[in-house]
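The residues making up each chain are set out below.
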Amino acid sequence: MKFKKFGSTEQKVYDLIKPITDELGYYLWDVCYEKEGAMWYLRVFIDSDEGITIADCEKATAPINDILDEKDPIAQSYMLEVGSAGLERSLVKEEHFQVCEGDTVRVRFIRAVDGEKETIAHLAGADKEKITLITDSGEEKNFPLADIAFVKLYLEF
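Not measured: the values here are computed from a predicted model. (Residues numbered from 1 in each chain as written. Predicted model: local features only at pLDDT ≥ 70, side-chain atom pairs only at ≥ 80, totals over all residues. Heavy atoms only, no water.)

1. Digging into a nonpolar patch on the surface
Rules: Patch definition: residues above 30% relative accessible area lacking any salt bridge, with like charges linked at up to 9 Å and the nonpolar side chains Val, Leu, Ile, Met, Phe, Trp and Tyr linked at up to 5 Å. The method behind every accessible area is Shrake-Rupley, applied with a 1.4 Å probe, and residues are considered shielded solely by the protein chains displayed. What counts as a salt bridge is simple: a side-chain nitrogen of Lys or Arg found within 4 Å of a carboxyl oxygen of Asp or Glu. Runs of E in the DSSP output that reach at least two residues are strands. Runs of H or I that reach at least four are helices, and both are numbered from the N terminus. Working definition: with a 1.4 Å probe on protein chains only, accessible area under 20% of the residue-type maximum means buried, over 50% means exposed, and in between means partly exposed.
On the surface, Leu-87, Leu-155 and Phe-157 cluster together into a nonpolar patch covering about 370 Å² of accessible area. Tracing the chain through its elements places Leu-155 in the segment after strand E8 (148–153). The exposure class assigned to Leu-155 is partly exposed, which follows from its relative accessible area of 35%.

2. Quick notes on the pattern of salt bridges
For the coordinates displayed, the defined rule picks out 14 salt bridges. Linking Glu-95 and Lys-93 is a salt bridge whose minimum nitrogen-to-oxygen distance equals 3.7 Å. Glu-95 gets classed as partly exposed once you look at its relative accessible area, which sits at 28%. With a closest N to O distance of 3.4 Å, Arg-106 and Glu-118 form a salt bridge. One end of the pair, Arg-106, is in strand E4 (residues 104–113); the other, Glu-118, is in strand E5 (residues 116–126), with twelve residues separating them in the sequence. Of the residues examined, Glu-118 reaches a relative accessible area of 28% and is grouped as partly exposed.

3. Observations regarding the nonpolar core
The line we're drawing: The term nonpolar core refers to a set of buried residues drawn from Ala, Val, Leu, Ile, Met, Phe, Trp, Tyr and Cys, joined through side-chain atoms within 4.5 Å. Any two residues whose heavy atoms approach within 4.5 Å at even a single point are treated as in contact.
Judged by nonpolar contacts, the single largest core of 21 residues is most densely connected at Ile-17, Val-31, Leu-42, Ile-46, Ile-64 and Leu-68. Looking at this core, the elements that each hand over two or more residues are helix H1 (8–24), strand E1 (27–36), strand E2 (39–47) and helix H2 (54–71). A total of five residues in this core trace back to one element, the largest contributor, which is H2. Residues contacting Leu-42, with those up to four places away along its chain left out, are Val-13, Val-31, Cys-32, Tyr-33, Leu-68, Ile-74, Tyr-78, Met-79, Leu-80 and Glu-81. If you look at the next biggest cluster of nonpolar residues, it comprises 19 residues, including Phe-3, Ala-85, Phe-109 and Leu-123.

4. A look at H1
The criterion, for reference: Expected helix span is taken as 1.5 Å per residue step, with the number of steps being one fewer than the number of residues. Fitting axes to the seven residues that end at a residue and to the seven that start at it, the angle between those axes gives the bend at that residue.
Compared with an ideal rise of 1.5 Å per residue, which puts 17 residues at 24 Å, H1 spans 25 Å between its outermost C-alpha atoms and is within 8% of the ideal. Its axis deflected by about 40° at Ile-17, H1 carries its strongest bend there, up to four residues before the proline Pro-19. Burial in H1 covers these residues: Thr-9, Glu-10, Val-13, Tyr-14, Ile-17, Ile-20 and Thr-21. Residues of H1 that are buried in the fold lie against E1, E2, H2 and helix H3 (94–99).

5. As for the pairing of E1
Stated formally: Two strands qualify as a pair provided DSSP detects at least 2 bridges between them.
Relative to E2, E1 is paired through nine bridges, and the arrangement is antiparallel. By the bridge assignment for E2, Tyr-33 is matched with Leu-42.

6. Some remarks on the side chain of Asp-47
Spelled out, the test is: Between N or O atoms, a polar contact is any pair within 3.5 Å; within protein, one atom must be a potential hydrogen donor and the other a potential acceptor, and residues adjacent in sequence are included only when both atoms are from side chains.
Tracing the chain through its elements places Asp-47 in strand E2. For Asp-47, the side chain forms a polar contact with the side chain of Arg-89, separated by 2.6 Å. Contacts of Asp-47, omitting those with residues within four sequence positions, involve Tyr-26, Tyr-27, Ile-52 and Arg-89.

7. Observations concerning the side chain of Asp-30
Mapped onto the elements of the fold, Asp-30 is located in strand E1. A distance of 2.9 Å separates polar atoms of two side chains, one belonging to Asp-30 and the other to Lys-4. For Asp-30, the contacting residues outside a window of four places in its chain are Lys-4, Phe-6, Arg-43, Val-44, Phe-45, Val-92 and Lys-93.

Structure (structure tokens):
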């Protein structure tokens, strides 16, 4: 795993819409521009301390769509989707790990570590090389990012 770096299209869109999401009181979690089948999708993920509702997504969609229509940073046609980052969101950027320090995360390894392919622990920190977790027993463990498939927030239901 490596921290996500925006492609040029994602960075342009992020820079255009960040002031809008800030003004609306939302945290811009991520921007993804990806092709699925014959269609391109521009997905904008937002968050707030109170959570995100469908009404929040609708409220953000109109001004985001307006600025994208005005500035036209994407040459081909695409579908715009504005949604919540989700309760069990993926942590992909360095700032995500900073924001989520102390939270419980689910870490899936590429290959088994100590006989386990996955662990659930508290996030103590991360840098470009490793992630630091604190187990339920209070033990601090470091894992190289290169050995990790993904890290997601974990909520027990």
